[in-house]
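Commentary on secondary and tertiary structure
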Amino acid sequence: MEKDIKEILFTEEEIKKRIEILGKKISEDYKGKFPLFVCILRGAFMFLADLLREVQIPLSVDFMAISSYGGNTESTGQVKILKDLDTSIKGRDVLIIEDIVDTGLTMDAVTRLLRTRKPKSLKICTLLDKEERRKIPVNISYYGFKIPNKFVVGYGLDYKEKYRNLPFIGILKEKIYM
Ligand code: PRP
């Protein structure tokens, strides 16, 4: 797998340090509340697992599976809900946990849907923000890193379901997906 990586963007250590800071901030902001963390599968599972361990307040977790890329590197603009939440979010402080915000189409669709269910608050926490590619504005409350417009994999992020288990985030060699 590692031979397919052109450059490491964030090492395991750098990711860990950044998540510690995010966890502290989220713990302060949600102090006295009982937030529901909504993990967007599949890419965000690793981020969620590490972030949760840095958050020092009571919370609950639920999962939603969304598909937007359909095996390609480009968003199709179509968002499909593959698995909906099991929990009611009415009156809850909801924090969406995402691995990457790219065009913003996924977060736009998800937040529009979740808002109809009347949460008390709804915020987004993404590990990676590829701002340059945005097609629709997204209000991100917490982010790990801003990244350039390169195809990244590892730490939960895949290309055709591969590379999710790399412990770092790296740029995939063009020849793999060209
Ligand atoms: C990725 C990522 C986001 C979305 C971001 O999901 O996890 O949900 O794309 O792209 P956008 O801002 O352009 O909408 P993907 O469909 O690759 O599924 P996965 O998380 O299961 O890998």
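It should be noted that the structure appears before, not after, this text.
Reference entry: report on the structure contained in this document.

Analysis parameters
- Residues numbered from 1 in each chain as written.
- Predicted model: local features only at pLDDT ≥ 70, side-chain atom pairs only at ≥ 80, totals over all residues.
- Heavy atoms only, no water.
- Pairing = 2+ DSSP bridges.
- Helix = DSSP H or I, 4+ residues; strand = E, 2+ residues; numbered from the N terminus.
- Buried < 20%, exposed > 50% of the residue type's maximum accessible area, 1.4 Å probe, protein only.
- Contact = heavy atoms within 4.5 Å.

Right, let's get into the sheet that holds strand E1 (residues 5-10). Strand order across the open sheet formed by three strands is E1-E9-E8, with antiparallel pairing between neighbours. Strands at the two margins of the open sheet, each flanked by one partner only, are E1 and strand E8 (152-153). Of the strand pairs in this sheet, E1 and strand E9 (residues 169-172) are connected by four bridges, and their pairing is antiparallel. Across the sheet, the residue bridging to Ile-5 is Leu-172, located in E9.

To continue, consider helix H2 (residues 45-52). By the burial criterion, the buried members of H2 are Met-46, Phe-47, Leu-48 and Leu-51. Where H2 is buried, its residues touch helix H1 (12-29), strand E2 (36-41), strand E3 (60-67), strand E5 (93-101) and strand E6 (121-129).

This paragraph deals with the environment of Lys-16. If you trace the backbone, Lys-16 turns up in helix H1. Exposure remark for Lys-16: the relative accessible area of 44% places this residue in the partly exposed category. Sequence separation of Lys-16 and Ser-27 is 11 residues, and the distance between their C-alpha atoms is 16 Å.

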